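As a plain string of letters, each chain reads:
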Amino acid sequence: REQWSRRVRLRRRCYLDIPYGSGELNRLDIFPSDGPSRAVLSFIHGGYWRSRDKADFSFLADALCAEGYTLAVPNYALCPAASVEQAIR
């Protein structure tokens, strides 16, 4: 999956590490559809909010963009790195 995702980022049109917030990990990757976009699909990766990275899921762009969807894959702060006080703000 990681190698496939790396190849997708190299050969497919994409916008990587676009900031969407003030946190260090608040970045997203955008993969425009191959033609007119039918919709934007946001894929929030799993990992129980403790692991994984948006880059691990770039491979999804191949199928979705070919079908006319623009894919957005955000990163977010992971739980072990955030205190309870930060989480409830």
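As shown above, the structure is provided for reference.
Here we summarise the structure given alongside this text. (Residues numbered from 1 in each chain as written. Predicted model: local features only at pLDDT ≥ 70, side-chain atom pairs only at ≥ 80, totals over all residues. Heavy atoms only, no water.)

**Some thoughts on the sheet that holds strand E3 (residues 39-42)**
Paired through their backbone hydrogen bonds, the strands of a sheet run either parallel or antiparallel. For clarity, the threshold we go by: Each pair of strands is called paired provided DSSP finds at least two bridges between the two strands. Strands are runs of DSSP state E lasting at least two residues, helices are runs of H or I lasting at least four, and both sets are numbered from the N terminus onward. To obtain an axis, a line is fitted to C-alpha atoms, over the contacting stretch when the element is a helix, and the angle between two such axes runs from 0 to 180 degrees between their N-to-C directions.
The mixed open sheet is built from 4 strands, whose spatial order is E1-E2-E4-E3. Strands with a single pairing partner mark the edges of an open sheet, and in this sheet they are strand E1 (15-19) and E3. Here the average twist between neighbouring strands, direction ignored, is 25 degrees. Summarising the sheet, E1 and strand E2 (residues 27-31) pair through 3 bridges and their orientation is antiparallel. Counted as the bridge partner of Ile 18 is Leu 28 from E2.

**As for the environment of Leu 60**
The condition that has to hold: Burial here depends on accessible area, computed with a 1.4 Å probe over protein chains only, as a share of the maximum for the residue type. Under 20% is buried, over 50% is exposed, and the range in between is partly exposed.
Residue placement: Leu 60 occurs in helix H2 (residues 60-66). Take Leu 60: its relative accessible area is 22%, and that puts it in the partly exposed class. Expressed as a C-alpha distance, the spacing of Leu 60 and Phe 31, which sit 29 residues apart in the sequence, is 9.5 Å.

**Overview of the packing of aromatic side chains**
How we decide: Aromatic rings from Phe, Tyr and Trp, with only the six-membered ring used for Trp, were paired whenever their centres fell within 6.5 Å, and each pair was classed as stacked if the ring planes differed by under 30 degrees, edge-to-face if by over 60, and tilted otherwise.
As enumerated under the stated definition, the model contains 3 aromatic pairs in all. With centroids separated by 4.9 Å and ring planes inclined at 35 degrees, the aromatic side chains of Trp 4 and Phe 59 adopt a geometry described as tilted. With Trp 4 in helix H1 (residues 2-11) and Phe 59 in the loop between E3 and H2, this pair connects stretches of sequence that are 55 residues apart. By relative accessible area, which is 40% here, Trp 4 ends up partly exposed. On the accessibility criterion, Phe 59 (16% relative accessible area) is buried. Ring geometry for Phe 43 against Phe 57: centres 5.3 Å apart, planes inclined by 45 degrees, an arrangement best described as tilted. Taken together, the residues Phe 43 in the loop between E3 and H2 and Phe 57 in the loop between E3 and H2 connect sequence positions 14 residues apart. Judged by its relative accessible area of 26%, Phe 43 falls in the partly exposed class. Judged by its relative accessible area of 8%, Phe 57 falls in the buried class. Following the ring pairs from residue to residue traces out a cluster consisting of Trp 4, Phe 43, Phe 57 and Phe 59.

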